[in-house]
Amino acid sequence: MAKTDARRSGRNRRHYRLRKRVAGDASRPRLAVYRSNTHIYAQVIDDRAGTTLASASSAEGSFAPDGDGKVGAAKAVGQLVAERAKEAGVSQVVFDRGGNRYQGRVQALADAAREAWLDF
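Values in this document were obtained by computation on a predicted structure and should not be read as measured data. (Residues numbered from 1 in each chain as written. Predicted model: local features only at pLDDT ≥ 70, side-chain atom pairs only at ≥ 80, totals over all residues. Heavy atoms only, no water.)

S.K.: Would you mind going over the sheet that holds strand E1 (residues 30-35) with me for this structure?
M.R.: Strand order in the open sheet formed by four strands is E3-E2-E1-E4, and the pairing between neighbours is mixed. Each having just a single partner strand, strand E3 (51-57) and strand E4 (94-96) make up the two edges of the open sheet. With strand direction ignored, the average angle separating the axes of adjacent strands in the sheet is 20°. (Pairing = 2+ DSSP bridges. Helix = DSSP H or I, 4+ residues; strand = E, 2+ residues; numbered from the N terminus. Axes fitted to C-alpha atoms, helices over the stretch in contact; angles between N-to-C directions.)

The following block contains the structure:
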């Protein structure tokens with residue numbers, strides 16, 4: 001097994017283990033984060049209804065990152081998803097880090113969403 005395959009399967013295992021405990025509903029939807037090599041994606045999801053209430057990513061055409069590379073892009077995505085969640089009437093969420101460590105880009109996105117008054 002290649003090194004990247006082992007890393008991917010480990011992340012998937014951690015994500016499934018996390019998803020057994022974390023679920024979003026109408027009162028507290030789930031803020032799910034996916035991190036690729038180049039971009040970062042965030043969605044606010046109501047798991048009971050199976051709908052996405054708000055989403056943002058660094059791959060959008062109208063996206064303007066903060067100038068700090070990938071971490072700056074994650075901060076901008078965090079602020080953007082928090083603004084869109086507020087427009088959808090969401091103020092409290094459950095954070096789903098997607099099996100990734102809570103550091104770097106994932107932490108920057110979460111901190112920016114908290115600064116934009118999204119409660120989790």
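S.K.: Would you explain the packing of helix H2 (residues 69-87) against helix H3 (residues 105-115) in this entry?
M.R.: A pair of packed helices is characterised by two quantities: the angle between their axes and the separation of those axes. Here H2 crosses H3 at 35°, and the two axes come no closer than 7 Å. For the pair H2 and H3, the sense of crossing is right-handed. From H2, Lys70, Val71, Ala74, Lys75, Val77, Gly78, Gln79 and Ala82 reach across to H3, where they touch Arg105, Ala108, Leu109, Ala112 and Ala113. Along the lines of polarity and charge, the residues of the contact of H2 with H3 split into eight nonpolar, two polar and three charged. (Left-handed = near helix turned anticlockwise from the far one by under 90°. Contact = heavy atoms within 4.5 Å. Nonpolar A, V, L, I, M, F, W, Y, C, P; charged D, E, K, R; others polar.)

S.K.: Just checking my understanding: could you explain the confidence of the model for the protein for this structure?
M.R.: Caution is warranted with low-pLDDT regions, since their predicted coordinates should not be read in detail. Per-residue confidence for the protein gives a mean pLDDT of 92, with 99% of residues at or over 70. When mean pLDDT is taken per element in the protein, H3 scores highest with 98 and helix H1 (residues 3-19) scores lowest with 87. (pLDDT = per-residue confidence, 0-100.)

S.K.: Which parts of the structure should I look at to understand the pairing of strand E2 (residues 40-46)?
M.R.: The side chains of a regular strand alternate, first on one face of the sheet and then on the other. With five of seven residues buried, E2 is to be regarded as a mostly interior element. The hairpin turn running from E1 into E2, its antiparallel successor, is four residues long. For E2 and E3, the ladder comprises six bridges, and the chain directions are antiparallel. When the bridges of E3 are listed, Ala42 appears paired with Ala56. What sits between E2 and E3 in their antiparallel hairpin is a turn of four residues, with Gly50 showing a positive phi close to 75°. (Buried < 20%, exposed > 50% of the residue type's maximum accessible area, 1.4 Å probe, protein only.)

S.K.: Honestly, the side chain of Asn100 in this entry has me stumped. Any pointers?
M.R.: When you line up the elements, Asn100 lands in the loop between E4 and H3. Here Asn100 falls in the buried class, since its relative accessible area comes to 6%. Here Asn100 is in contact with Arg11, Val33, Arg35 and Val106, once residues within four sequence places are set aside.

S.K.: Which parts of the structure should I look at to understand the environment of Gly104?
M.R.: The residue Gly104 is located in the loop between E4 and H3 in this model. A relative accessible area of 41% means that Gly104 is categorised as partly exposed. Each C-alpha atom of the pair Gly104 and Leu18 lies 19 Å from the other, and the pair is 86 residues apart in sequence.

S.K.: What exactly am I supposed to notice about the pattern of salt bridges here?
M.R.: Pairing is possible between side chains that carry opposite charge, provided their charged atoms lie close to one another. Throughout the structure, instances matching the rule amount to seven salt bridges. Across the salt bridge formed by Glu60 and Arg84, the nearest N and O atoms sit 2.9 Å from each other. Separated by 24 residues along the polypeptide, Glu60 in the loop between E3 and H2 and Arg84 in helix H2 bring together distant segments of the chain. Judged by relative accessible area, Glu60 falls into the partly exposed class, the value being 22%. One salt-bridge network, in which partners are shared between bridges, spans Arg19, Arg30, Asp47 and Asp96. (Salt bridge = Lys/Arg side-chain N within 4 Å of Asp/Glu carboxyl O.)

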